[in-house]
Amino acid sequence: MNPARTLRTLAPLRWSQPLWRLRYAGERWANRRRGTAPRRWEWPGEGAPPLRPGFPELPPAEAPGPGGERLVELLERGVFEHLEEAAEVGRERPDWRLGDRAADRLWTITLHYHGWAWGLARQAAAGGAAGERAAVLFRHYVGDWIRRASLERPGSAALAWNAYATATRIGWWVRAYHLAGGALFAAAPRCEERFLRSLWQQASWLAAHLEWDLRANHLMRDLAGLAVAGRFFAGPVADRWLARASRLALAQAAEQILPDGGHFERSPKYHLDVMEDLLTVARATGEEAVAARLAGCWAAAAEALAWMRHPDGDLAQLNDGSRLGREVVEAALVAGHLVGRPVDPGPRRGGRHLADTGLVVWHGEPWSVLFDVGETGPAVQPGHAHADTLTLECSLRGARLVVDPGSFGYDAGPRRDYDRSTAAHSTVAIDDADSSEVWHVFRLGRRARPREVTVELRDDGLTASASHDGYRHLPGRPRHRRRLEVSEGGSLRLADRLEGGGHHRAEGGLLIEPGWAVEPQEDGWLLRRDALRVRVRAACSGGGSFERWTGTRPQHPVYGVERPAPWLGWRWSGEPPCEVATELVEA
């Protein structure tokens, strides 16, 4: 326990956040004491709760894991596959992995999202022999989950009834019911009744457990789930759910979507998730004014997201997140037609400074560059932040070149520590310290603050520079300052200047997309990939000792996948000032 670090972590939060955390912890403790959960969340009437007619089309969503006949074949063997991992859960009595878990937390909570239920519903709606098998599996697995992962069962509260998981599950269940309710339940009306009663219970419980302790994208997902349930069911309680979700979503959109359209957590992956949730509430609400304002926020976020892509069409991986694929990103962008706000999914050209988000972007030939000059994240929720201030990603002629380490998962341990560390990113670490004080899985204490940000956009390129104060606690208060220049048809240049007093060690470099061959040169490196060639030169001016070195470091393009990536590194030690100039030139 580090009391000073804990205080630095808690100080920026809103005072209500730890109180909400204590309230929910106290409720779980009381439920364990009495051995059961309160029954007030259950549907109070006989039969199934009534449904509201005219349910709207929701935005497209991609469930994790396989679909179609492969999903049917896996689940017939009791194997669930998502996040690049297949695990045998069991066919007759599935192991729902209840209780809190130290390992595979992300995989387990994704299991409880029930994206697989949506996949089975899609196959059931397609009909045929595989469709009938999918309907049988849907009733079996969903029915077993309702019985053996119920709110009352010990261990369910940890992950199965996590609020984010519950809200996500509501979305998949409602989609499944509207797509294939007849195929799923025509021969099993009692199963349908149990399904609808459980869905009501989940929504009722969610309404009382919105994540005011975490806020940010978690709270937005909670509101989307509550809005879907409020539009799905009929009656005064459902009306209150829908009205409350609509009202709060407006307030959260104003808080979370920055004036330049960026999401305040500064993660492109979660930015896209929040866009989906905004669009979901806009579609579900019955209030035209609310829908219009949410649609406006969505359109601003969509335009910002369009700039956060590489030429391959997929997202940058700044902070936590995963690559999603061109198809998923483009489907999210064109979904604006549902609210009359279509966004061009095509590539952007030229330069853009998303000043509120803190992202400088250039898309041209041969370079696409994304330069992070922003805050680590919002004060209320920096859990998805990395210690990556002044990092960059870039592509050369459509091929990714400099990349982010990504995120393997959300278990505590060396992998998580690495993914969030400064040393894993293409920026500069001083005295082996992180620029921001990342710790445990989602904690952040001392935060680097960008300073002196200047951006010059030109028709033929851009120049941007910034510094940060993340090392102000070290002796001599050293500071890292980076200048980036990119020109159309020219080179990409970085200048990393170290200032301050005392004697220090610094380490920097570039994490390279796997697939590039690296050949050390006298003044740097030669990179080759297919017909592409890049010369990377690194030189130091100023006193002290300087060396270049070549190695490999882990890179996680998607959750659950690790691959070795080339690292082009340099080390310096001495007394500032010094400047390391790195130039990337197409050969």
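Refer to the structure printed above.
Residues numbered from 1 in each chain as written. Predicted model: local features only at pLDDT ≥ 70, side-chain atom pairs only at ≥ 80, totals over all residues. Heavy atoms only, no water.

1. Thoughts on the layout of surface pockets
- The computed volume of the second largest pocket comes to approximately 280 Å³.
- Lining the second largest pocket are 18 residues, with Asp104, Phe408, Gly409, Tyr410 and Asp411 sitting closest to its centre.
- Where the lining of the second largest pocket is concerned, the elements lending two or more residues are helix H4 (105–111) and helix H14 (414–420).
- Counted by class, the lining of the second largest pocket contains eight nonpolar, three polar and seven charged residues. (1 Å grid on protein atoms, 1.4 Å probe; cavity = no way out; pocket = protein on both sides within 12 Å on 5 of 7 lines; lining within 4 Å. Points joined across faces, edges and corners; volume = space filled by probe spheres on them. Helix = DSSP H or I, 4+ residues; strand = E, 2+ residues; numbered from the N terminus. Nonpolar A, V, L, I, M, F, W, Y, C, P; charged D, E, K, R; others polar.)

2. Here we look at empty space enclosed by the protein
- In the structure shown here, the tally under the stated rule is five cavities of 30 Å³ or more.
- Looking at the largest cavity, the residues that line it are His263, Arg266, Ser267, Pro268, His271, Met308, Leu318, Asn319, Thr357, Gly358, Leu359 and Asp372.
- A breakdown of the residues in the lining of the largest cavity according to their chemical character gives four nonpolar, six polar and two charged.
- One number sums up the size of the second largest cavity: a volume of about 90 Å³.
- Lining of the second largest cavity is provided by Pro64, Gly65, Pro66, Leu71, Leu74, Val79, Phe80, Glu81, His82, Thr110, Gly115 and Trp116.
- Those elements that place two or more of their residues in the lining of the second largest cavity are helix H3 (68–76), strand E1 (79–82) and helix H5 (115–126).

3. Here we look at the nonpolar core
- Phe80, Trp116, Leu120, Phe138, Phe195, Trp241 and Leu294 are the most contacted members of the largest nonpolar core, which has 101 residues in total.
- Sequence-distant contacts of Leu294, that is, excluding residues within four places in its chain, are made with Ala249, Leu250, Ala253, Leu278, Val281 and Ala282.
- By size, the runner-up hydrophobic cluster in this structure holds 31 residues, among which are Val373, Trp516, Trp525 and Val534. (Core = buried A, V, L, I, M, F, W, Y, C linked by side-chain atoms within 4.5 Å. Buried < 20%, exposed > 50% of the residue type's maximum accessible area, 1.4 Å probe, protein only. Contact = heavy atoms within 4.5 Å.)

4. Regarding the sheet that holds strand E11 (residues 450–458)
- Taken together, the eight strands give an open sheet; going across it, the order is E11-E12-E13-E14-E21-E18-E17-E16, and neighbouring strands pair in antiparallel fashion. The sheet is open, and its two borders are formed by E11 and strand E16 (517–521), each paired with just one other strand. In this sheet, neighbouring strand axes are inclined to one another by 10° on average, regardless of whether the strands run parallel or antiparallel.
- Where strand E14 (residues 492–499) meets strand E21 (residues 578–586), seven bridges bridge the pair, whose relative direction is antiparallel. Considered in E21, the bridge of Leu498 is made with Cys578. (Pairing = 2+ DSSP bridges. Axes fitted to C-alpha atoms, helices over the stretch in contact; angles between N-to-C directions.)

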